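Given next are the chains, with one letter for each unit.
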Amino acid sequence: MGNIKVDLKNTHITEKKIMKYANEVLDIHNYLHEKCKSKKEYLGWLQLPTDYDKKEFDKIKKSAQKIREDSEVLLVIGIGGSYLGARAVIEALTNTFYNMMDKNERKSPQILYVGNNLNPNYINDIIELIGNRDFSINVISKSGTTTEPAIAFRIFREILENKYGIKEARKRIYVTTDKTKGALKILSTIEKYTTFIIPDNVGGRYSVLTAVGLLPIATAGIDIDKLMEGARFAQDKYSDENLKYNECYRYAVVRNILYKAEKNIEILVTYEPKMHYIIEWWKQLFGESEGKDGKGIYPSGAEFTTDLHSLGQYIQEGRRNLFETVINIEHSETDLKIHVDEDNLDELNYLEGKSLDYINKKAMEGTIAAHVEGDVPNILVTMDKLDAETLGHLLYFFELACAMSGKLLGVNPFDQPGVEKYKKNMFKLLDKPED
């Protein structure tokens, strides 16, 4: 089973400081586990790896297989938590250039994403990219009225119906929505679309291990059983209420200690480009969960070594309100060795026989040392390898850490009241009729 280790030594926070939070962590732990069965609390994700709908899980796999057989493209329509988790897992566990590969090499549909912005160029480019190829749609929305995905669904549903006719189009539309209510649920019932459920007690940014994330992930050919196994392992591992032994809770506590020391920006760092959308998913998870009541650590991200040539100077010598959480993947799936060059004009012969993964890790170690010396505390999260099990573990780790961290901060990590403000202004400017 792929494991995860958390190293806090480069934060220079003492065990005594961490353990001062032991009683508070225990109280929050008990609260989370006592309330997780309540339909009124958004805590269903807490036991999701063991307490999920097995029939729907099987239905997800069967639907994914059908999409793989009859479509060259799966269009995922959603915004925020309705697509970021799926995209994060797919891009982490497939070829870096998955969507550019020949369909026979890829062996799964291209996965394209719309409904995450309102830009006409983006949507027209997607239409052009699909062209005359066979495609299916997975639209994901609790209400069905969120502006960005609702507009995208209206556009692409019309294209689908014009291409295949209404009857055949119905067979190519997969809806993930509320169990009983909402515009998308009503439409799905009328049109008899294949429908999946967003649990009432699981919020969007915590929903990657529900049908929200699992249908696109399975369509990409990723083993969702392994993903859930990793999350189950994490659920068991982090069920320990004792702060001394629970690395997930220790990460949450250290974040809050750093925040109180005016370290109010966290940079999630990866040295693996496949993890780009894991960063994007993480940014929403923590930003939407903690950023309220005038509080919160600002979640940022960087991909090293690339961003060392753009952000490195600021991180090293800019304002000292930063700390980093670095994701290290211990065992690389592939590697390359540096060979000798007789001319040695690039002066790289000293690297002869060394592997690229080894060099990448030495860059990581050197960067951590430099940043820590420059008063940027570092938390190191090490994954055994990048596979479905370990990634399922990492997703659960961050979800639970976020819940604990938000509670320690004194905010509700499961709501997002501020998100509605821009919508109200936009609707007013668009002359939307009032309800």
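Please read these numbers as outputs of a predicted model, since none were measured by experiment.

A. Broad picture of the overall build of the chain. Broken down by element type, the chain carries 17 helices and ten strands. The C-alpha atoms of the chain give a radius of gyration of 23 Å, which matches the 22 Å a tight globule of 435 residues would have. The dimensions of the chain, computed from C-alpha atoms along their principal axes, are 65 × 65 × 45 Å. By residue count, 50% of the 435 residues in the chain fall in the buried class.

B. Representation of the packing of aromatic side chains within the structure. Overall, the coordinates contain 14 aromatic pairs when judged by the stated rule. On the numbers, 5.0 Å between centres and 55° between planes, the contact of Tyr52 with Phe57 is tilted. A relative accessible area of 6% places Phe57 in the buried class. Between the aromatic rings of Phe397 and Phe398, the centroid separation amounts to 5.3 Å while the plane-to-plane angle is 65°, which identifies the pairing as edge-to-face. With respect to class, Phe397 is no different from Phe398; both count as buried. Site record: aromatic cluster; members linked through ring pairs are Tyr238, Tyr251, Trp282, Phe286, Phe397 and Phe398. Its guanidinium or amino end placed over the ring of Tyr98, Arg106 lies 5.9 Å from that ring's centre, counting from NZ or CZ. Over the aromatic face of Tyr164 sits the side chain of Arg172, whose NZ or CZ is 4.2 Å from the ring centroid.

C. Examining the side chain of Asn378 more closely. By secondary structure assignment, the location of Asn378 is in strand 10 (residues 378-385). When its relative accessible area of 2% is taken as the criterion, Asn378 is described as buried. Within the structure, Asn378 has its side chain in polar contact with the side chain of Glu324 (distance 3.0 Å). Apart from residues no more than four positions distant in its own chain, Asn378 is found in contact with Asp7, Asn10, Thr11, Glu324, Val326, Ile368, His371 and Val372.

D. Structural context of the pairing of strand 1 (residues 4-7). Here strand 1 shows a buried face lined by Ile4 and Val6 and an unburied face lined by Lys5 and Asp7. Direction of pairing for strand 1 relative to strand 10: antiparallel, over a ladder of four bridges. Looking at the pairing, Val6 lines up with Val381 of strand 10.

E. Expanded view of the environment of Tyr259. Assignment of secondary structure puts Tyr259 in helix 12 (residues 247-260). Among the residues examined, Tyr259 registers a relative accessible area of 21% and is labelled partly exposed. Note: C-alpha distance between Tyr259 and Trp282 (23 residues apart in sequence) is 18 Å. Ignoring any residue separated from it by four or fewer positions in sequence, one finds Tyr259 in contact with Asn264, Lys295, Gly296, Ile297 and Leu409.

F. Examining the sheet that holds strand 9 (residues 322-331) more closely. Judged by pairing direction, the sheet is mixed, and its five strands sit side by side in the order 1-10-9-7-8 without closing on themselves. Sheet topology places strand 1 and strand 8 (298-303) at the edges, where each strand pairs with a single neighbour. Put simply, the sheet's adjacent strands are angled 20° from each other on average, direction ignored. Those strands touched by helix 13 (residues 276-290) are strand 7 (265-270) and strand 8, and its axis lies near 175° from that of strand 8. Against the sheet, helix 15 (residues 356-373) makes contact with strand 9 and strand 10, and its axis sits at roughly 160° relative to strand 9, the strand it touches most.

Parameters and conventions
- Residues numbered from 1 in each chain as written.
- Predicted model: local features only at pLDDT ≥ 70, side-chain atom pairs only at ≥ 80, totals over all residues.
- Heavy atoms only, no water.
- Helix = DSSP H or I, 4+ residues; strand = E, 2+ residues; numbered from the N terminus.
- Rg over C-alpha atoms; globule rule 2.2 N^0.38 Å.
- Buried < 20%, exposed > 50% of the residue type's maximum accessible area, 1.4 Å probe, protein only.
- Phe/Tyr/Trp six-rings, centres within 6.5 Å; stacked < 30°, edge-to-face > 60°.
- Lys NZ or Arg CZ within 6 Å of the ring centre and 35° of its normal.
- Polar contact = N/O pair within 3.5 Å; in protein donor to acceptor, adjacent residues only side chain to side chain.
- Contact = heavy atoms within 4.5 Å.
- Pairing = 2+ DSSP bridges.
- Axes fitted to C-alpha atoms, helices over the stretch in contact; angles between N-to-C directions.

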